[in-house]
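Spelled out from the first residue to the last, the chains are:
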Amino acid sequence: MKTLAMSVSALALSASVSMAAGLDRSGQSIAPMFAESGTFSLSFGSVSPRVTGSDALGNNYDVGESYTSTTLAYTRSLTDQIGFSLIVDEPYGANTLYNNAPNASMLGGTGATLGSRGVNMIGRYQISDRFSVHGGLRVQSINSDVTLNGLAYGVGIGAGVTAAVFNAGGIAGGPGAGEPDLTSELAAGTVSSDVATQNAALAAIDAQYAGNPSADIQTAMVNNRDTFVANGGYQFEAEKDWSTGYLIGAAYEIPDIALRLAVTYFSEVDHNADTLETNAIAGLNNAAGNVEFVTPSAFNLDFQTGIAADTLLTASYRRANYQDVDVVPTNLGSDLVNLNMAERYTLGVGRRFSDALSGSVTFSFEPEGNDLVSPLGPTNGLRGLSVGARYNMGNGTIVSGGVNYSLLGDAQADVGGSGVADFTDNSVLAFGIQVGMKF
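One structure accompanies this document, and this report is about it. Predicted, not measured: the structure shown is a model, and the values here were computed from it.

Cut-off values and rules
- Residues numbered from 1 in each chain as written.
- Predicted model: local features only at pLDDT ≥ 70, side-chain atom pairs only at ≥ 80, totals over all residues.
- Heavy atoms only, no water.
- Helix = DSSP H or I, 4+ residues; strand = E, 2+ residues; numbered from the N terminus.
- Contact = heavy atoms within 4.5 Å.
- Areas by Shrake-Rupley, 256 points an atom, 1.4 Å probe, with all protein chains shown as cover.
- Lys, Arg positive; Asp, Glu negative; His and termini not counted.
- Charge placed at Lys NZ, Arg CZ, Asp CG, Glu CD.
- Expected span 1.5 Å × (residues − 1).
- Buried < 20%, exposed > 50% of the residue type's maximum accessible area, 1.4 Å probe, protein only.
- Arc of directions from axis to C-beta.
- Polar contact = N/O pair within 3.5 Å; in protein donor to acceptor, adjacent residues only side chain to side chain.
- Pairing = 2+ DSSP bridges.
- Phe/Tyr/Trp six-rings, centres within 6.5 Å; stacked < 30°, edge-to-face > 60°.
- Axes fitted to C-alpha atoms, helices over the stretch in contact; angles between N-to-C directions.
- Parallel < 35°, antiparallel > 145°, perpendicular 65-115°, else oblique.
- Nonpolar A, V, L, I, M, F, W, Y, C, P; charged D, E, K, R; others polar.
- Patch = residues over 30% accessible without salt bridge, like charges linked within 9 Å, V, L, I, M, F, W, Y side chains within 5 Å.
- Salt bridge = Lys/Arg side-chain N within 4 Å of Asp/Glu carboxyl O.

Section: the overall build of the protein
A count of helical and extended segments in the protein gives five helices and 22 strands. Counting only C-alpha atoms, the protein reaches 85 × 40 × 30 Å along its principal axes. Within the protein, contacts between residues at least 6 apart in sequence are counted, and of these 67% link residues at least 24 apart. Looking at the protein as shown, the accessible area adds up to about 19000 Å², and 55% of this sits on carbon and sulfur atoms. Distance from the positive charge centre (19 side chains) to the negative charge centre (41 side chains) of the protein: 19 Å.

Here it is as C-alpha cells:
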C-alpha cells in the first residue's frame with residue numbers, strides 16, 4: 001500500500017503544476033478517489049507562462065499572464081464496497097493580455113480572463129477486489145471577460161459593420177437591382193496593408209456596383225477601424241453561471257503489484273449566461289444579452305503499475321473536445337473561442353527511497369494542431385518535464401512538491417482566417433505543493 005499511496009500523490013501533483021492545452025487547468029483528475037479513507041488534501045499551483053511574439057508592424061508581444069490554482073479533495077469509505085470523494089477544483093481558465101497600443105499594433109488591447117469553479121461529488125462501488133465503478137455529479141461555474149482590439153480586429157469587425165451598412169443603403173452606391181451584397185472580405189480588402197490586395201478589392205467593388213462606390217467604402221472602413229481602436233474595441237462580459245453535468249467510469253486493479261487502469265468520461269455541461277457587449281463601431285454600450293454555450297466533454301485514462309521493488313510506472317491520456325465549444329455573442333455574431341480538440345499524454349516513473357521519502361519524474365506531451373490559433377491562447381502543442389517529491393511526516397501528514405518546465409509549440413494568432421502575429425520559442429514554468437492529512 002505504500003507504493004500505491006506514492007502513486008496517488010504523484011498523479012495529483014502532476015495535475016497541479018502543469019499548463020494544459022485549450023482552457024484546461026486542473027485536468028479534472030480523479031486521483032483523490034483512490035486515496036485511503038479519511039484523506040483530505042489541499043493542492044496549490046503557480047504557473048508562469050512566457051508567451052511572446054511579434055507582428056508585421058514591428059510590435060513585440062508578451063501576453064502570458066501568471067496565475068494560480070487550488071484543489072481541495074476529501075475521500076471517505078462508507079462500507080467495504082462503497083465510498084465517496086468530494087473534489088473542488090478550477091477546471092478551466094484563461095489569462096491573456098496584449099499590452100500594446102491598439103492604434104499601432106495588430107492585436108494591442110486584446111485580452112481575456114476566464115474563471116471557473118468545479119465541485120465534483122463522486123461515488124465509488126467496489127464490485128470485487130479488482131473491479132470498481134464510479135460516477136457522480138459535476139457542478140461548475142464559468143465567468144469571463146474578453147476584449148478584442150488592435151488593427152486586425154478593427155479591420156475584421158469593421159468590415160462586417162461596413163458591409164452591413166452598405167447593403168442597407170447607408171453608404172452611397174448600395175446594391176441596386178440584381179447586384180449582390182457586399183461581403184466582409186471585399187470591404188476589408190480596401191484597407192489591406194498589401195497594395196496588390198487593396199487594389200484588387202477596390203477594382204472588384206467598382207466592377208460589381210454601378211456608381212463605383214469603392215472610395216466611399218474605403219473611407220467608411222478607415223473611419224470604422226480608427227473609431228474601433230480608439231474607443232476600446234469590442235468588449236464582452238459573461239456573468240457567472242452555475243450548471244451541472246456528470247462523470248462516469250470504471251477501474252481495474254491488482255493491488256499486489258500496484259496496477260490500476262481507470263477510465264472516466266466527463267459530460268458536456270450546458271451554460272446559459274447573461275452578457276454585456278460593447279462595440280465602439282456599432283455604438284453599443286453595455287448592451288445586455290444572453291449566450292448559450294457548453295464546456296467540453298472529455299475522456300481521461302490513467303494507468304499505473306509496479307515495475308520493480310519500490311518503483312512505479314505511470315501513464316495517462318486526456319482528450320477534451322474543445323472543438324464543440326462555441327461562444328457566439330448576440331451582437332458580435334461570431335465565435336469568441338475558436339479552439340481545437342485538446343489532447344495530453346504523460347509518462348512517468350515514481351520511486352520510493354525510504355518509508356518517508358519518494359520521488360517522481362513525469363514527461364508530458366501535447367500534439368500540435370493547426371498553426372492558426374486563437375489570439376486568446378497563441379500556443380500549439382507542448383513538451384514538458386515535471387519533477388516531484390513526497391515526504392511522509394509520520395503523523396498522518398504527507399507533503400508533496402514539484403516543479404514543471406514545458407516548451408510551448410510555435411503558432412500564429414488568427415483573426416478572420418489569417419495569421420496576424422507569430423509566436424515562437426515559448427515556455428512555461430510552474431510550481432506546485434500538496435498537503436495531505438488523514439483523519
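Anyway, onward from the coordinates.
Observations concerning helix 5 (residues 214-230)
Over its 17 residues, helix 5 extends 24 Å from the first C-alpha to the last, a length consistent with the 24 Å expected when each residue adds 1.5 Å. Listing the buried residues of helix 5 in full gives Ser214, Ile217, Ala220, Met221, Asn224, Arg225, Phe228 and Val229. Within helix 5, the buried residues cover an arc of 150° as seen down the axis, which keeps them to one side. If you follow the buried residues of helix 5, they end up packed against strand 8 (131-148), helix 2 (151-167), helix 3 (184-189), helix 4 (195-208), strand 9 (234-254) and strand 11 (269-279). Within two residues after helix 5, Gly232 carries a phi angle of roughly 90°, on the positive side.

As for the side chain of Asn321
With respect to the element layout, Asn321 can be found in the loop between strand 14 (311-320) and strand 15 (342-352). By relative accessible area, Asn321 is classed as buried at 11%. A distance of 2.8 Å separates the side chain of Asn321 from the side chain of Ser297, its partner in a polar contact. If sequence neighbours within four positions are ignored, Asn321 has contacts with Pro296, Ser297 and Met341.

Focus on unusual backbone geometry
The phi torsion at Ala258 lies on the positive side, around 55°, for a residue other than glycine. Relative to the helices and strands, Ala258 resides in the loop between strand 9 and strand 10 (259-266). Located in the positive-phi region is Asp425, a residue other than glycine, with phi close to 55°. As for its position among the elements, Asp425 is in the loop between strand 21 (418-423) and strand 22 (426-438).

A short note on the sheet that holds strand 20 (residues 411-415)
As summarised here, the arrangement of the five strands in space is 3-2-21-20-17, forming an open sheet in which the pairing is mixed. Only two strands of the sheet have a single neighbouring strand rather than two, namely strand 3 (60-62) and strand 17 (372-373). Sheet topology note: the strand 2 (residues 52-54)/strand 3 ladder contains three bridges and is antiparallel. Residue pairing across strands places Ser54 opposite Asn60, the latter belonging to strand 3.

Considerations on the packing of aromatic side chains
Any aromatic ring pair is given by two values, namely how distant the centres are and how the planes are angled relative to each other. Under the criterion given, the structure shown has 10 aromatic pairs. Ring centres of Tyr92 and Tyr322 lie 6.5 Å apart, and the angle between their planes is 85°; this geometry places the pair in the edge-to-face category. With Tyr92 in the loop between strand 5 (82-89) and strand 6 (94-97) and Tyr322 in the loop between strand 14 and strand 15, the pair connects residues that are 230 residues apart, well separated along the chain. Between Phe131 and Tyr252 the ring centres are 4.9 Å apart and the planes differ by 55°, which places this aromatic pair in the tilted class.

Some details on the pairing of strand 8
With 16 bridges joining them, strand 7 (residues 111-126) and strand 8 adopt antiparallel strand pairing. Each bridged residue has a counterpart across the sheet, and for Val119 the counterpart in strand 8 is Val139. Where strand 7 hands over to strand 8, the hairpin turn is made up of four residues, counted between the paired strands. Of the strand pairs in this sheet, strand 8 and strand 9 are connected by 17 bridges, and their pairing is antiparallel. Bridge pairing links Gly135 to Ile248 in strand 9.

Quick notes on the environment of Ala31
Considering the arrangement of structural elements, one finds Ala31 in the loop between helix 1 (2-17) and strand 1 (39-50). In this structure, the C-alpha to C-alpha distance between Ala31 and Val269, residues 238 residues apart in sequence, is 21 Å.

Side note on the packing of helix 4 against helix 5
Between helix 4 and helix 5, whose axes approach to 9 Å, the crossing angle comes to 130°. The angle between helix 4 and helix 5 falls in the class oblique. For the pair helix 4 and helix 5, contact is made by Gln198, Leu202, Ile205 and Asp206 and by Ser214, Ile217 and Gln218, respectively. Here the contact of helix 4 with helix 5 is built from residues that sort into three nonpolar, three polar and one charged.

Some points on a nonpolar patch on the surface
On the surface, a nonpolar cluster with roughly 740 Å² of combined accessible area is contributed by Val361, Phe363, Leu385, Val387, Val403, Tyr405, Leu407, Leu429 and Phe431. Mapped by element, the contributors of at least two residues to the nonpolar patch are strand 16 (357-366), strand 18 (382-392), strand 19 (397-408) and strand 22. Considering every element that reaches the nonpolar patch, the biggest residue donor is strand 19, with three residues. Here Tyr405 is to be found in strand 19. Classification of Tyr405 as partly exposed rests on a relative accessible area of 43%.

Notes on the pattern of salt bridges
Between side chains of opposite charge, pairing is possible as soon as their charged atoms come close. Evaluated as defined, the whole model comprises eight salt bridges. Arg260 is the salt-bridge partner of Glu253, the closest N and O atoms lying 3.4 Å from each other. Of the two residues, Glu253 and Arg260, neither departs from the other in class, the shared state being buried. Between Asp355 and Arg352 there is a salt bridge, with the nearest N and O atoms lying 3.2 Å from each other. When its relative accessible area of 53% is taken as the criterion, Asp355 is described as exposed. For Arg352, a relative accessible area of 16% gives the class buried. Connected via shared salt-bridge partners are Arg124, Glu253 and Arg260.

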